[in-house]
Amino acid sequence: MTSTLRTLHFKLLTHGTGQGTTHSCDQEILRKYDIVPSVVCAMCCLFGIIYCFFGYRCFKAIMFLTGLMFGSIVIFMLCYKERVLDTQLSMEVSVGIGLGIGILCGLVTMLVRSVGLFMVGLLLGLLVAVATLVVLEQFYHPRTVWVPIGLLLGAGMFFAVLTLQWQRFFTVLSTSVFGSAVITVTVDYFIELFLLVQYIYERMKVAPVQPVCWYSWVILGVWPVLTFLGVLVQFKVTAEGYSHTEVFISRRQRRVQLMRIRQKENKRKRKKHHKKYQEPVYRRKPTPVRRYDGDVLSPVSRHFEVVL
């Protein structure tokens, strides 16, 4: 387990010899796949498909997975890179702590809808900022690391606020963008062993520019294509006629309906109980009024008599 975690960490963040820094396009990539990273990438590809095409439909699950991802990654990086109580934690302990706190964060984002929507919008802003850095590198190379940091924070907060305002549209957009990004990363692993991911990571660190092969740009082109398809499929097929607010409204309506039904049943039981123990009441009919010849007639009747 330790070796597999270290290989994942090495392939994502390595800057050593071999494929990490110097790789020519004519050179054949030595593909040596490990079992655990391959299984993890395959599972991530499956989750990416669900995110991309069924994100808004699986609203609760998406909220939970987003909180789990943010919480586990942040806590893992803090525990693994920093000292905790003057002790350096191992990778296994850091992963366990990150998963535990990530599950708590996932429950919070799933149960508190505003927090979940904020995290979904923040994720969309971060991905838009990463794409902006990749495009910006083709025209301008930032000289300080504060440029990507400011862009990441600014775009994340901006899209988080927009997601809270227009929830349906930006939730669909965020799930499509993130799902297609996960699928692109898995394709990059199985084709060139995270060379594209390493290039994007270097752009965030403002490292010197390394040449990128043409097939890396082809793999990167999968991202916008899948994003467009995901948005189209969700709006036309999977998310059509579905609203995440109906889940909360229907539960409240069910409670109100149950309360009304119980109140009606209680009233009926009270009426039946009251009728059973109530004594019958007999009322006498009023005596009919008999008319005689000397009765006084109304003016209207007199008028009719005169006419006749």
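Everything below is about the structure printed above this text.
As the structure is a prediction and not an experimental result, all values here were calculated from the model.

What counts, and at which threshold
Counting from 1, residues in each chain are numbered in the order their sequence is written. Under the rules for a predicted model, residues below a pLDDT of 70 receive no local features and side-chain atom pairs below 80 are neither given nor counted, while totals for whole chains, interfaces and linings still include all residues. Heavy atoms from the whole structure form the basis of all side-chain values; hydrogens and water molecules are not counted. Helix and strand assignments come from DSSP, with helices taken as H or I runs of at least 4 residues and strands as E runs of at least 2, each series counted from the N terminus. One less than the residue count of a helix, multiplied by 1.5 Å, gives the span that helix is expected to have. Classification of residues uses two cut-offs on accessible area relative to the type maximum, computed with a 1.4 Å probe and protein chains only: under 20% is buried, over 50% is exposed, and between them is partly exposed. This arc is built from the directions going out from the helix axis to the C-beta atoms. We call two residues in contact whenever any of their non-hydrogen atoms come within 4.5 Å of each other. Buried Ala, Val, Leu, Ile, Met, Phe, Trp, Tyr and Cys residues that are joined via side-chain atoms within 4.5 Å together make up what is termed a nonpolar core. Stacked, tilted and edge-to-face are the three classes assigned to paired rings of Phe, Tyr and Trp, where Trp is represented by its six-membered ring and a pair needs centres within 6.5 Å; plane angles under 30 degrees give stacked, over 60 edge-to-face, the rest tilted. Residues form patches when they are more than 30% accessible in relative terms and have no salt bridge. Like charges link within 9 Å. Nonpolar side chains (Val, Leu, Ile, Met, Phe, Trp, Tyr) link within 5 Å. Only the protein chains shown count as cover for residues, and the accessible areas themselves come from Shrake-Rupley with a 1.4 Å probe. By convention in these notes, a salt bridge is any Lys or Arg side-chain nitrogen within 4 Å of a carboxyl oxygen on Asp or Glu.

**Student:** Sorry if this is basic, but what is going on with helix α6 (residues 146–165) here?
**Tutor:** Because the α-helix completes a turn every 3.6 residues, residues three or four places apart line up on one side. Spanning 20 residues, α6 covers 29 Å between terminal C-alpha atoms, matching the ideal 28 Å at 1.5 Å per step. Looking only at α6, the buried set comprises Pro148, Leu152, Ala155, Gly156, Phe159, Ala160, Leu162 and Thr163. Down the axis of α6, the buried side of the element spans an arc of 165°, and every buried residue falls inside it. For α6, the exposed residues set more than 90 degrees away from the buried face come down to Trp146, Leu153, Phe158, Val161 and Gln165. Buried residues in α6 make contact with α5 (113–137), α7 (167–192) and α8 (195–204).

**Student:** What am I meant to see in the nonpolar core here?
**Tutor:** If you look at soluble globular proteins, the nonpolar side chains tend to sit buried side by side. The biggest cluster of nonpolar side chains holds 36 residues, and the ones touching the most others in it are Tyr56, Phe59, Phe70, Leu123, Leu127, Phe178 and Trp223. For this core, the element with the most residues is α5, which contributes ten residues. Ranked by size, the runner-up nonpolar core spans five residues in total, among them Cys41, Tyr189, Leu193 and Phe194.

**Student:** Whenever I open this one, the packing of aromatic side chains confuses me. Can you help?
**Tutor:** For any pair of aromatic rings, the description consists of the separation of the ring centres together with the inter-plane angle of the planes. For the coordinates displayed, the defined rule picks out ten aromatic pairs. Between the aromatic rings of Phe169 and Phe170, the centroid separation amounts to 5.1 Å while the plane-to-plane angle is 85°, which identifies the pairing as edge-to-face. For Phe169, a relative accessible area of 43% puts it in the partly exposed group. Looking at Phe170, the relative accessible area reads 10%, which means it is buried. Linked through ring pairs, Phe158, Phe159, Phe169, Phe170 and Phe235 together constitute an aromatic cluster.

**Student:** What should I look at first to understand unusual backbone geometry in this one?
**Tutor:** If a residue is not glycine, its phi is most likely negative; likewise, a peptide bond is most likely trans. For Phe194, which is not glycine, the phi torsion reads 65° and is therefore positive. Relative to the elements of secondary structure, Phe194 occurs in the loop between α7 and α8. Residue Phe194 is classed as buried on the basis of its relative accessible area, which comes to 4%. Positive phi, normally seen in glycine, also occurs at Val206, with a value near 55°. When you line up the elements, Val206 lands in the loop between α8 and α9 (214–238).

**Student:** Looking at this structure, how should I read a nonpolar patch on the surface?
**Tutor:** A cluster of nonpolar side chains, contributed by Ile35, Val36, Val39, Val40, Met43, Leu46, Phe47, Ile50 and Phe54, occupies part of the molecular surface with about 800 Å² of accessible area. Along the chain, the position of Val39 falls in helix α2 (residues 35–54).

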